[in-house]
Amino acid sequence: KALQAAFESADPKEVAEKIVTNYENNMLHFQDMMDTTIREANRANEQKWDDAVLAQRGVRALTTEELKFYNQAIEAKSFDEVSKLVPPTVYERVFEDLAIDHPLLSRINFQRVGASTMWVVRKEGATTAYWGDVCDNIKEMLDHGFETIDMGMFKLSGFLVVCKAMFEIGPEWLDRYVRAFLTEIIASELESVVVTGDGNKKPIGMIRDLDGAVTGGVYPEKEVTELKDLSPKTIGKEILAPATIIDKNEDGTPKRTRPYAGITFILNPYDYAMRFFAEGTKQRDDGVWMFDNYPVPGLEIIQTSAMPIGKMVVGHPKDYFMGVAAEAKLEHSDVVRMIEDQRLYLVRQLANGRPIDNDKFIVFDISKIGEGETTP
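Residues numbered from 1 in each chain as written. Predicted model: local features only at pLDDT ≥ 70, side-chain atom pairs only at ≥ 80, totals over all residues. Heavy atoms only, no water.

## Quick look at the pattern of salt bridges
- With the rule as written, the count across this model stands at twelve salt bridges.
- The residue Asp175 makes a salt bridge to Arg60 at a minimum N-O spacing of 3.6 Å. Here Arg60 lies in the loop between α3 (51-56) and α4 (64-76) and Asp175 lies in helix α8 (residues 171-196), a separation of 115 residues in the sequence. Comparing Asp175 with Arg60 shows no difference in burial state: the two are buried.
- Between Asp198 and Lys202 there is a salt bridge, with the nearest N and O atoms lying 3.5 Å from each other.
- What makes Asp198 buried here is its relative accessible area of 17%. (Salt bridge = Lys/Arg side-chain N within 4 Å of Asp/Glu carboxyl O. Helix = DSSP H or I, 4+ residues; strand = E, 2+ residues; numbered from the N terminus. Buried < 20%, exposed > 50% of the residue type's maximum accessible area, 1.4 Å probe, protein only.)

## Quick word on the side chain of Asn268
- Residue position: Asn268 is located in the loop between β9 (263-267) and α10 (269-276).
- What makes Asn268 buried here is its relative accessible area of 8%.
- In this structure the side chain of Asn268 is engaged in a polar contact, spanning 2.9 Å, whose partner is the backbone nitrogen of Tyr270.
- Apart from the residues within four sequence positions on either side, Asn268 is in contact with Thr304, Ser305, Met307, Pro308 and Ile309. (Polar contact = N/O pair within 3.5 Å; in protein donor to acceptor, adjacent residues only side chain to side chain. Contact = heavy atoms within 4.5 Å.)

## Structural notes on the nonpolar core
- The biggest cluster of nonpolar side chains holds 60 residues, and the ones touching the most others in it are Phe79, Leu160, Met166 and Met206.
- Contributing elements (two or more residues each) for this core: α2 (12-47), α4, α5 (88-101), α6 (103-107), β5 (154-163), α8, β14 (320-332) and β15 (342-355).
- Among the elements that line this core, the one with the most residues is α8, at twelve residues.
- By size, the runner-up hydrophobic cluster in this structure holds 18 residues, among which are Ile235, Val314, Ile366 and Ile369. (Core = buried A, V, L, I, M, F, W, Y, C linked by side-chain atoms within 4.5 Å.)

## Thoughts on unusual backbone geometry
- For Lys201, which is not glycine, the phi dihedral falls at a positive 60°.
- With respect to the helices and strands, the residue Lys201 is situated in the loop between α8 and β6 (225-226).
- The class of Lys201 is exposed, set by a relative accessible area of 67%.
- The backbone phi angle of Asp292 is positive, close to 55°, even though this residue is not glycine.
- For Asp292, the position within the fold is in the loop between β11 (289-290) and β12 (299-303).
- According to the relative accessible area criterion, Asp292 is partly exposed, its value standing at 43%.

## Quick word on the sheet that holds strand β13 (residues 311-315)
- Spatially, the five strands line up as an open sheet ordered β6-β16-β13-β9-β12, and their pairing is mixed. Looking at the sheet topology across the chains shown, the edges are occupied by β6 and β12.
- Pairing of β6 with strand β16 (residues 362-365) involves two bridges; the strand directions are parallel. Across the sheet, residue Thr225 finds its bridge partner in β16, namely Phe364.
- Lying on the sheet, α10 is in contact with β9, β12 and β13; it crosses β9 at an angle near 105°. (Pairing = 2+ DSSP bridges. Axes fitted to C-alpha atoms, helices over the stretch in contact; angles between N-to-C directions.)

## With respect to the side chain of Arg354
- Here Arg354 is to be found in strand β15.
- A relative accessible area of 17% means that Arg354 is categorised as buried.
- In this structure the side chain of Arg354 is engaged in a polar contact, spanning 3.4 Å, whose partner is the backbone oxygen of Ile356.

## Re the environment of Phe110
- Inspection of the secondary structure puts Phe110 in strand β2 (residues 109-113).
- What makes Phe110 partly exposed here is its relative accessible area of 23%.
- With 214 residues separating them along the chain, Phe110 and Val324 place their C-alpha atoms 7.2 Å apart.

## Description of the packing of aromatic side chains
- For the structure shown, the criterion picks out five aromatic pairs.
- The rings of Phe265, Phe276 and Tyr294 are connected pair by pair, giving a single aromatic cluster. (Phe/Tyr/Trp six-rings, centres within 6.5 Å; stacked < 30°, edge-to-face > 60°.)

## A look at the packing of α4 against α8
- Two numbers describe how α4 lies on α8: the axes approach to 9 Å, and their chain directions differ by 95°. One finds that α4 runs roughly perpendicular with respect to α8. Here Leu67, Tyr70, Asn71 and Ile74 of α4 lie close against α8, whose contacting residues are Pro171, Glu172, Leu174, Asp175 and Val178. (Parallel < 35°, antiparallel > 145°, perpendicular 65-115°, else oblique.)

Everything listed is a geometric property; what it means functionally is a separate question.
Quick look at the structure:
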């Protein structure tokens with residue numbers, strides 16, 4: 001984003017200054033991550049930390065394959081001489097870390113898949129059981145009750161910066177650094193595409209219209225419904241009622257419904273602070289303040305900076321499918337020359353994702369919420 005802002009400037013000097021500043025800030029951040037890991041590894045050796053303390057610091061026991069991978073890298077003081085395929089368990093733990101630190105990513109449906117994948121989902125509202133004679137054909141149920149989605153994979157690339165000193169701290173600590181770095185690289189980009197991805201060589205986000213006209217590989221954004229307030233009447237009509245509908249008639253009226261079973265609001269942290277915080281804050285008679293008190297049963301609020309300000313997605317995150325390839329590659333890169341003590345590696349991970357169907361997520365305009373009086 002910093003580089004994009006630089007290139008959009010018309011002043012060549014400003015462009016150059018921003019590029020240098022961005023590069024220097026990144027390198028300071030990477031160096032701090034490495035320094036912190038090396039410092040803690042030295043403390044662990046000096047103080048003889050036990051397994052419980054190591055686990056609290058994010059250091060885990062390695063599998064035989066992982067131990068071999070990191071020991072080979074340590075012996076060569078480089079990842080260049082080892083297999084280009086990172087052990088899949090390293091990436092499995094990366095995605096476990098993502099689930100812990102990023103609420104949105106912890107709720108979506110992550111699956112380990114191959115380089116291309118197909119999955120079968122039940123169509124909402126479709127009849128998947130029939131009464132009839134013992135030998136009646138069940139083809140109708142299979143054809144009309146389920147949908148097969150065929151989805152290829154896209155490549156997510158990032159960089160891993162490693163200094164020579166990192167290869168001297170032991171395989172477990174090197175693993176912790178690699179996982180922390182990969183988690184940081186992957187987290188913000190995955191959250192971004194899960195919410196807003198346009199489908200053009202990347203996953204399709206929650207705010208996109210799967211049934212809309214695709215232009216140049218880009219899916220259009222869904223129509224936005226304006227949400228003017230958080231009164232029980234508005235919530236019931238605009239959010240709770242649509243959440244009960246699983247099938248509609250041609251005129252748009254409900255055809256089949258289900259009991260309401262909770263809902264999730266996904267919004268930008270700024271909107272939560274500016275528009276939702278006061279609306280959900282109530283003071284009891286004894287003077288105690290209660291927070292996140294909204295007229296929505298079974299409500300979960302997830303904040304993510306990936307959501308555009310002024311908009312909110314409503315639905316169940318588990319209805320978003322993300323397939324992640326079981327293998328990832330780690331390759332030395334000469335794209336950017338680093339200082340002598342540091343090496344730059346290119347990390348490549350195959351992944352793709354999309355909502356299970358087009359009606360799973362509703363997009364709201366929430367820019368008017370919080371403008372009126374808030375009931376104390």
